[in-house]
Amino acid sequence: MKRRNFIMIIIVVFSMLLATGCELIQTQDEGPIEVGLLLMSSPDDMYSEGYYGYYALKALETKYGVEIAYNENVSSVDNAGYLLNSYGKKDFDLVIAVGNMFQAPILDVAPSYINTKFVCIGGDVTEDNVIACSLPVNEIGNIMGLVSAGYNENKANSIAYVQVAEGNSYYEGFLDGVKSISSQTPVKEFIFSSEDTYSGLIEKFEGNSIGLASIMFYSPNLEKSLTAQKYLFDTLGGAENETDVPRVVINYNAIFDLVYQNYLNNSDSGKNIEVSLDDNILKVHGIELLDSIVVTKIQSLLP
């Protein structure tokens, strides 16, 4: 009887060791989580969306030990579809794309790779293994409107609102921000397309009594052109230490962290990831260039 009990104990212990060993082997085989990234611009374009997006990806690598890959200067839907398919075929766990342009190709490709989670930052459609990370465009626009109204030295002159054709529109929130500070200041909207030039854009300012240009994307070349033409301007983007003009910078590190935490929590609730100003996604630099009333208003909206 004692021998039989001893044999049973050995069998139980062996089974436990075998199960533990299998679990360790399985964990080792799985390896680190693989995260891919698609960017419309390049990390080499200092302080651009591509620059901040790339370093937000690197922050995930450092903080969580994920394995990363990325593609830059993705300029067309066809190219995006090809790259998304590539990540799916390689069984990447999570693929992040920055820009609404990626929404359509993600929705087209994702059903073929159900084990990969695709996230479109700036998108608006969530389904199955596709998650849209919606930015608070009205709130961001409102902050930019406040900054522009507070920085416009000649309140009688118009403010030029400039955005790229394929980007998010912050226009409605921008108007609200301007009007809350200076209700009589006109706002003129200018859409910059890939066929346009910066000199051509600035030529359109003539005859519109533009006192300030509010640029909803970062371009050092455009900034140089505006400076040469003696235009006052502010931007959505740029470097933290460039406080010669007001800059509102989107904190992509915080956004990517929210996306990654959503992935880890397996939050397949069928709802968009709703990012808000309370998530600390905006940094305002050069705020000392604005008057105290505007500063107080901006600070009341940020965490």
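Residues numbered from 1 in each chain as written. Predicted model: local features only at pLDDT ≥ 70, side-chain atom pairs only at ≥ 80, totals over all residues. Heavy atoms only, no water.

1. Some remarks on the overall build of the protein
Now for step 1: Tallying secondary structure elements over the protein gives ten helices and twelve strands in all.
Now for step 2: Long-range contacts, defined here as pairs at least 24 residues apart, represent 65% of the contacts in the protein between residues at least 6 apart.
Now for step 3: A total accessible area of about 15,400 Å² is found for the protein, and carbon and sulfur atoms account for 50% of it. (Helix = DSSP H or I, 4+ residues; strand = E, 2+ residues; numbered from the N terminus. Contact = heavy atoms within 4.5 Å. Areas by Shrake-Rupley, 256 points an atom, 1.4 Å probe, with all protein chains shown as cover.)

2. Comments concerning the packing of aromatic side chains
Now for step 1: Within this structure, the stated rule accounts for 17 aromatic pairs.
Now for step 2: Taken together, a centroid distance of 5.0 Å and an interplanar angle of 70° make the contact between F190 and F205 edge-to-face. Of this pair, F190 sits in strand 7 (residues 187-192) while F205 sits in helix 7 (residues 198-205), and the two are 15 residues apart along the sequence.
Now for step 3: Residue classification places F205 among the buried residues on the basis of a relative accessible area of 1%.
Now for step 4: Through a chain of ring-to-ring contacts, the aromatic side chains of Y47, Y51, Y52, Y54, Y55, Y70 and Y218 assemble into a single cluster. (Phe/Tyr/Trp six-rings, centres within 6.5 Å; stacked < 30°, edge-to-face > 60°. Buried < 20%, exposed > 50% of the residue type's maximum accessible area, 1.4 Å probe, protein only.)

3. A closer look at the sheet that holds strand 11 (residues 273-274)
Now for step 1: Strand order in this open sheet of six strands is 2-1-3-4-5-11, and the pairing throughout is parallel. The strands lining the two open edges of the sheet, one partner per strand, are strand 2 (67-71) and strand 11.
Now for step 2: Sheet analysis places strand 1 (residues 34-38) next to strand 3 (residues 94-98), joined by four bridges and oriented parallel. Bridge pairing in strand 3 places V35 opposite L94.
Now for step 3: Where helix 3 (residues 77-89) meets the sheet, it contacts strand 1, strand 2, strand 3 and strand 4 (117-121), and its direction lies at approximately 175° from that of strand 1.
Now for step 4: Along the sheet, helix 9 (residues 252-264) makes contact with strand 1, strand 3, strand 4, strand 5 (130-134) and strand 11, crossing strand 3 at roughly 150°. (Pairing = 2+ DSSP bridges. Axes fitted to C-alpha atoms, helices over the stretch in contact; angles between N-to-C directions.)

4. Overview of helix 7
Now for step 1: For helix 7, the complete set of buried residues consists of L201, I202 and F205. The buried side chains of helix 7 occupy one side of the element, clustering within an arc of 95° when seen end-on.
Now for step 2: Of the surrounding secondary structure, the elements contacted by the buried residues of helix 7 are strand 6 (158-164), strand 7, strand 8 (210-215) and helix 8 (220-228).
Now for step 3: Following helix 7 by one or two positions, G207 has its phi on the positive side, about 90°. (Arc of directions from axis to C-beta.)

5. What about the packing of helix 2 (residues 49-64) against helix 9?
Now for step 1: Orientation of helix 2 relative to helix 9, taken along the N-to-C sense of each, is 50°, at an axis distance of 8 Å. If you check the angle between helix 2 and helix 9, you find them oblique. In this structure, helix 2 meets helix 9 at a crossing whose hand is right-handed. Packed against helix 2, whose contacting residues are E49, Y52, G53, Y55, A56, L57, A59, L60, K63 and Y64, the element helix 9 presents Y252, N253, F256, D257, Y260 and Q261 at the interface.
Now for step 2: When grouped by side-chain class, the residues that make up the contact of helix 2 with helix 9 number ten nonpolar, three polar and three charged. (Parallel < 35°, antiparallel > 145°, perpendicular 65-115°, else oblique. Left-handed = near helix turned anticlockwise from the far one by under 90°. Nonpolar A, V, L, I, M, F, W, Y, C, P; charged D, E, K, R; others polar.)

6. Structural notes on the pairing of strand 8
Now for step 1: Taken across its six residues, strand 8 has six buried, putting it largely inside the fold.
Now for step 2: Sheet topology note: the strand 6/strand 8 ladder contains five bridges and is parallel. Bridge assignment links V162 to a residue of strand 8, and that residue is I215.
Now for step 3: Handedness of the crossover is the feature at issue here: the chain leaves strand 8, passes through helix 8, returns alongside strand 9 (residues 232-236), and the resulting connection is right-handed. (Right-handed = clockwise from strand over helix to strand, strands pointing away.)

7. Section: the packing of helix 7 against helix 8
Now for step 1: Their axes nearest at 10 Å, the elements helix 7 and helix 8 cross at an angle of 45°. Relative to helix 8, the element helix 7 is oriented oblique. Here the hand of the crossing between helix 7 and helix 8 comes out right-handed. Note on element contacts: helix 8 touches helix 7 through N221, L222, S225 and L226, opposite Y198, L201, I202 and F205.
Now for step 2: Taken together, the residues of the contact of helix 7 with helix 8 break down into six nonpolar, two polar and no charged.

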